Amino acid sequence: MTTETLIWLIPLPPILAFFLIVLFTNRNKALSHSIGVGAALLSWIGSMVVFVRAIGVENLGKTPFVSSINWLPTGDTWLRIGVLVDPLTAVTLFFVAWTVLMIFIYSVGYHNFGQPEGDHDHKGLPPHGATVEEHGHKHVVPSIEPMYSRFFAFIGLFAFGMFTLVVSDNLLTLFVGWEIMGLCSYLLIGFWYGKKSARDAAIKAFMTTRVGDVFMLLGIAYLYSVTGTLSFREIFSETTLHTLAAIPSGVLGFSTAGLIGLLLFIGTVGKSAQFPLHVWLPDAMEGPTPVSAMIHAATMVSAGVYAVIRMFPLLSLDAQTMSIVAFIGAFTALFAATIALAQNDIKRVLAYSTISQLGYMIAALGIGAYVAAAFHLMTHAFFKALLFLGSGSVIHGMEHGVLHTGNHKVDPQDMFNMGGLRNKMPITFWTFLLGGFALSGFPLITAGFWSKDEILADAFAHNLPVFITLAIAAFLTAFYTMRQITLTFLGEPRTEEAKHAQETPWTMTLPLIVLSVFAVGYGWLGIPEHFPVLGGLVPNWIHEFVGGTLAEHPEALDFNIVPLLTSLVVALGGLGLGYLFYRNVNSSTEDKLQIGFLKNKYYFDEIYDVVFIKPVTWFADKVVYQIMDKGFIDGILHLFGPGTQGIGDTIRNYFDLPVINRFLGDGSANATYWSGEKLRVVQTGRIQQYLMLGLILFLAIGAILYFFVLA
Amino acid sequence: MDFIVNHFLSLVLFIPSLAALIMLFLPKGEAKLLRWFALGASLVPFLLSVSLWFQFKSFVPGFQFQERYEWYEAIGSSLHLGVDGLSLTMVLLTTLLTPLAILASFNITEKVKAYMMLFLFLETGMLGVFMSLDLLVFFVFWEVGLVPMYFLINQWGSANRNYASMKFMIYTMGGSLGLLLAIQMLGVLFGTYDLLALTQRWTALDPDSTLLGMSVSTVKAIAFWAFTIAFAVKVPVWPFHTWLPDAHTEAPTAGSMILAGVLLKLGAYGFLRLILPLYPAEAKMFAAALAVLATAAIVFGAFASFAQTDFKRLVAYSSVNHMGFVVLGIAAAGLASGTPDATIALNGAILQMFNHGLSAAGMFFLVGVIYERTHTRNLEEFGGLFPLAPVYGGILIFTSMASLGLPGLNGFISEFLVVRGTWPILTTFTAISMVGLLFTGAYILKGIKKVLHGPLNEHWAHGEHKVTEINAREILVMAPLMVLILWIGIYPAWILDVINKAVVMLF
Amino acid sequence: MVPLSWYLIFSAALFSIGLFGVLSRRNAVAILLGIELMLNSVNVNLAAFWRYGNVTDIAGQVFAIIVFAVAAAEVSVGLALVISIYRKRNTVIADDIDMLKF
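Rules used in this analysis
Residues numbered from 1 in each chain as written. Chains lettered and ligands numbered in written order. Predicted model: local features only at pLDDT ≥ 70, side-chain atom pairs only at ≥ 80, totals over all residues. Helix = DSSP H or I, 4+ residues; strand = E, 2+ residues; numbered from the N terminus. Rg over C-alpha atoms; globule rule 2.2 N^0.38 Å. Buried ≥ 20, exposed ≤ 12 C-beta atoms within 10 Å, placed from the backbone. Contact = placed C-beta atoms within 7 Å. Pairing = 2+ DSSP bridges. Expected span 1.5 Å × (residues − 1). Nonpolar A, V, L, I, M, F, W, Y, C, P; charged D, E, K, R; others polar. pLDDT = per-residue confidence, 0-100. Core = buried A, V, L, I, M, F, W, Y, C linked by C-beta atoms within 7 Å. Axes fitted to C-alpha atoms, helices over the stretch in contact; angles between N-to-C directions. Parallel < 35°, antiparallel > 145°, perpendicular 65-115°, else oblique. Left-handed = near helix turned anticlockwise from the far one by under 90°.

J.: What is the right way to read the overall build of chain B from this model?
T.: The secondary structure content of chain B amounts to 19 helices and four strands. Its C-alpha atoms give chain B a radius of gyration of 22 Å, within 12% of the compact-globule value 23 Å for 507 residues. Projected onto its principal axes, the C-alpha coordinates of chain B cover approximately 75 × 60 × 40 Å. Buried residues in chain B amount to 62% of all 507 residues. Pairs at least 24 apart in sequence give 80% of the contacts found in chain B among residues at least 6 apart.

J.: Would you explain unusual backbone geometry in this entry?
T.: Excluding glycine, residues mostly have negative phi values, and the peptide bonds linking residues are mostly trans. P276(A) follows F275(A) through a cis peptide bond whose omega is 5 degrees. For P276(A), the location among the structural elements is in the loop between α10 (256-271) and α11 (280-283). Positive phi values are uncommon outside glycine, yet K111(B) reaches one of about 50 degrees. When you line up the elements, K111(B) lands in the loop between α4 (85-104) and α5 (112-131). Its 15 C-beta neighbours within 10 Å are what place K111(B) among the partly exposed residues. With a phi close to 60 degrees, N90(C) is a non-glycine residue in the positive phi region. Along the chain, the position of N90(C) falls in the segment after α3 (59-89). Using a count of 8 C-beta atoms within 10 Å as the deciding quantity, one classes N90(C) as exposed.

J.: How should I be thinking about the pairing of strand β1 (residues 64-72) of chain B in this particular structure?
T.: Residue and element names in this part refer to chain B. Looking at chain direction, β1 and strand β2 (residues 77-83) are connected through six bridges and run antiparallel. Each residue of the ladder has a partner; that of Y69, found in β2, is L79. Here β1 folds back onto β2 in antiparallel fashion, the turn holding four residues, of which G76 has a positive phi close to 75 degrees.

J.: What should I look at first to understand helix α6 (residues 171-189) of chain A in this one?
T.: For an α-helix the count is 3.6 residues per turn, leaving residues at separations of three or four pointing the same way. Across its 19 residues, α6(A) extends 26 Å between first and last C-alpha, which sits within 8% of the 27 Å expected from 1.5 Å per residue. Across the 19 residues of α6(A), 19 count as buried, placing the element largely inside the fold.

J.: Honestly, the interface of chain A and chain B in this entry has me stumped. Any pointers?
T.: Interface size is often expressed as the accessible area that is lost when the parts come together. With 41 residues of chain A at the contact, the number on the chain B side is 42 residues. Among the elements of the structure, β1 (65-74), α6, α7 (196-227) and α27 (604-679) of chain A are those that each provide at least two residues to the side of chain A that touches chain B. Counting residues per element, the side of chain A that touches chain B draws most heavily on α7(A), which supplies 13 residues. Taken together, the residues of the side of chain A that touches chain B break down into 26 nonpolar, eight polar and seven charged.

J.: Would you explain the arrangement of the chains in this entry?
T.: Ranked by contact count, the leading pair among the two pairs of chains in contact consists of chains A and B. When C-alpha atoms are compared, chain B and chain C, though not in contact, are closest at a spacing of 53 Å.

J.: Is there a simple way to explain the confidence of the model for chain B in this structure?
T.: Should the pLDDT be low somewhere, the predicted coordinates at that spot are not to be read in detail. Looking at chain B, the pLDDT average stands at 87 and 98% of residues meet or exceed 70. The secondary structure element of chain B with the lowest average pLDDT is strand β3 (residues 210-211) of chain B, at 68, and the one with the highest is α4(B), at 91.

J.: Quick question: what am I supposed to make of the nonpolar core here?
T.: Inside soluble globular proteins, nonpolar side chains tend to come together where they are buried. F382(A), L470(A) and V327(B) are the most contacted members of the largest nonpolar core, which has 439 residues in total. Per-element accounting of this core gives the leading share, 21 residues, to helix α17 (residues 370-405) of chain A. Apart from residues no more than four positions distant in its own chain, L470(A) is found in contact with A330(A), A333(A), Y360(A), A363(A), I455(A), L456(A) and A459(A). One finds V22(C), I31(C), L32(C) and A94(C) within the second-largest nonpolar core, a separate group that totals five residues.

J.: For this particular structure, what's the right way to read the packing of α7(A) against helix α16 (residues 410-422) of chain B?
T.: Each pair of packed helices gets described by two things: the angle between the helix axes and the distance between those axes. At a minimum axis distance of 8 Å, the contact between α7(A) and α16(B) shows a crossing angle of 55 degrees. Relative to α16(B), α7(A) is oriented oblique. When the axes of α7(A) and α16(B) are compared, the crossing they make is right-handed. Seen from α7(A), the contacting residues are L217(A), A221(A), Y224(A) and S225(A); seen from α16(B), they are F416(B), V419(B) and R420(B). Taken together, the residues of the contact of α7(A) with α16(B) break down into five nonpolar, one polar and one charged.

Below, the structure written as structure tokens:
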């Protein structure tokens, strides 16, 4: 099979799995998950084959794998869609395929496959456990998810969206994949739709990202109308870029390229949950944990960053746009990190850390660090998927404890209910630790260190304020990560439930182990050449390969000791302080960082509610519907009714009745009646009188004719 | 065989009416026979128009399958039929939706005979508008479509049907009054009602000739406005839209399907067939005004839809929102006629007409399905129906997403094309209309949330009120719509190519 | 030969006598007699004009014969009516037969 055909085929297995499960196999749980995992495996195989072939190609950036077909006729031309695998796609495909496959496998265990059906489980609500009788005494075990098959259908669709997005050679199919993921995230966040919080979170996620998507659609339309193409390779040709940079857009001094870039970037702001559209992502934790990992690591949020990295040649044409991007990214990185400090829900901490890390990548792009952004995207995908799956494993273990004690008031996601889990769940602990260290940028061994260090080095070289912001954010990241690890795994169990937590089955731990290998090892592919001692030991493959995507290969930075020291200090300092602060904290009241302002996420949800949602609802109902449609337009219409009636009444009362009825109608009848009354005497019934009368008339008429007419 | 080949369009056009006349002689009580007969009779035109679609040569300019019969020779009017890519698309939509609507009305039990006959007459009326190339005949069919719909709403509608049917009738009649006048003026001025002859004489007419003391340009201007108002009411363009929510809400399910699916397209078709080709100058001059109204329809339609508590009304307002994109595309094409951007905008507008026909019909049907089980349309009274009717839920989400314009489904393609086409021409309006696109999401999600999601309303779970799953017949109604929705969403070229060629040759 | 005008004067006189009879007599049978006189005065006219006009054209004679036939039919119907009325109302006085009035 040619590579091009293979690329076309990569997104197909998950979508086929989706249709198969939805249409045919949804009653059979085992078959459904086999189809789902099998599809993910097929896509994984395809992706790996493509990846291996791609790295074998000399200078892939210049001669990528491309293939396209006519799709939309537009006048005399066609809009073509197709697939493209250049270095950026290849590496993205690599991490997407791995994480997707791991998440599929993990889901089998997470949704309690093989367990009995719950006693009181309802579709639309999380499973509550089942009672089984064993050796004569009853005990409660986790029960299988009631909508098990449906879950695999949804994540299949999700995977399809992501693969489509990654292999697209044009913005339109990228957008198609982008939006399909938006739908899936809606469906998956609202998976337990019986919960109000899940419903609201699903709608919030969809609508918030849609704000960005609408701008992105405009950006696509704008780009398409200026350049006449949406294919990346054609847009990034030198002449097209030159024209785009040269034409002013007429808005606030942006060039056309700058404005288009900004519109597209707003799409990313929504999708990658950047400030000010970040509010949906923490709420998206309402979904099942594999969903959180899908959305937060492997797919949707990465897709946002991937899109900006993809559009980098366009964005970089306008300095103004770049500085906006850098500002939003850096600000989000810091802002989200501060909120993460005060969260107690194990998944919410990770959610804010995701926002923060995505801000990192965006900021890196904003200062022009293309390769560093892409590198961090990949390493982050691995370690954040690991962390989310790890937290899911923790929650699962805790739920086991909750079922054991039967005390359902204990929140299995609250870190203050945990503690000491390292002994109960060793695999989860060690993998989570590796993931946490990677996130914090633990020096030298973790992947997160290398990618973060590269961003900091770039920032130091190009933009000092961004460097300082990111350094503080990195410190906070290390701090809250250690807080999380300390509260969850270290110390002694703080609740009875934590004492009875249990390690999760192999379907959940295997993905953790695989991902932790990448969370550590992937970084070694990107060690800078000029790094002391280690530099040059392994070639800086990431830089060489990914940098090749751009027309001009970015130059490797000279080594500078300041950013290296900074990243060492913030990472180790943050981790150390985090451990010191929290090793003796036993309840949330003892936590000094439970500041209302941080805990309530700077009150953004409340502000948005007051500023946008309430007024819009009011406007829609009261102004548009009640006043405008019902009141004004229908009011005018309803005037026509009485108005016409008034005219009709007038005509009837003042014309029809007196003139036509009385005068013409009744009048003629009356006249006839009156004259008949008068003339009736003539009719005697006597034939001779009639004849006489006839004779007289005859004579009279004859006389008249004779004397007047004929004469 | 020759007869069929030579009279293809007349067959498609008159078979429904003929069947309706035959139905007169069928026994009144045999509801089953009447239903199946009507369904069969409406499937024949569908099969014929599918074969029409395959015989149609999209690269040939002008009208194909033309037929012409003398009708009213004294005033120069004839029954002149013909289709091009634009009208063929609409014919296909009409003949597809009518059998589905009839199938959807199999649950009608009172006055089945009259109901089915009205539907078949309605089909002839709608097809006639799309096929006729003679203004007078066009008008006749235009009105023929109105009457059955009035009775369908008035006789088989829900509680407030008298008000709604009256409003529908008066409103559209008000619009078509001017239409008739304008058509007559043009007919007298040019001595023919034939669209092709009229188009040829349109510019060649001696500018000094007069009608009733009015100059040619005055007559044209009056006719332009009369046309515009008539079509604007039918589309409907904001602020002429308030008949729509009432009529759609009160009409029987199948009536709403046809109303939203086809009748609204008559207005947009009028814009494309008559106004743009005949009045390029006026269209250009007033394009901005039309764009304002279209944007208002998109934005306010979405807002109004969001404000509804009645499920069917919510869907009805979504039609205002979606048809706004059609009008926006037409406005852009009027402003920049002949440019590639205008072509794209028109492609989008016409495809949007077709797509909205599919998704709106589907949505109305699904509302009907749930209404039949619960006897309420109040969104507040539903809740958590997903576990009770998972297949229904899946279909509803699918169709809603098509309506929302989710990429991969049909609505996205047309909306994208409209946005792409109008952006360079009417940048500001396109940008403002995005607010409407955003709120499309809001009201669709509101509908799904209130009906499917949420805690289960126990009322529907047990006893006589138990909500049952969508049945096979109902799935059969939805299946063709869903297949087309997906097909156009994934590979739109098969239909868009025909539209595109027609647009390139027409404008 | 007697000039045509004599015949015409005779016929006019006969007609006037008949008319007077019709108008003035009370007996219905007498009124019928008057009508016969008037018809026959016409016959005189027809015969006279034939004789003084184109003799080969026998239209006048034919008309006269038709008038005879009509007169005979008319009298027979008239007398039948009179008899029928007499049987019903026991009178033949025209003035008494005045049912056809307002």
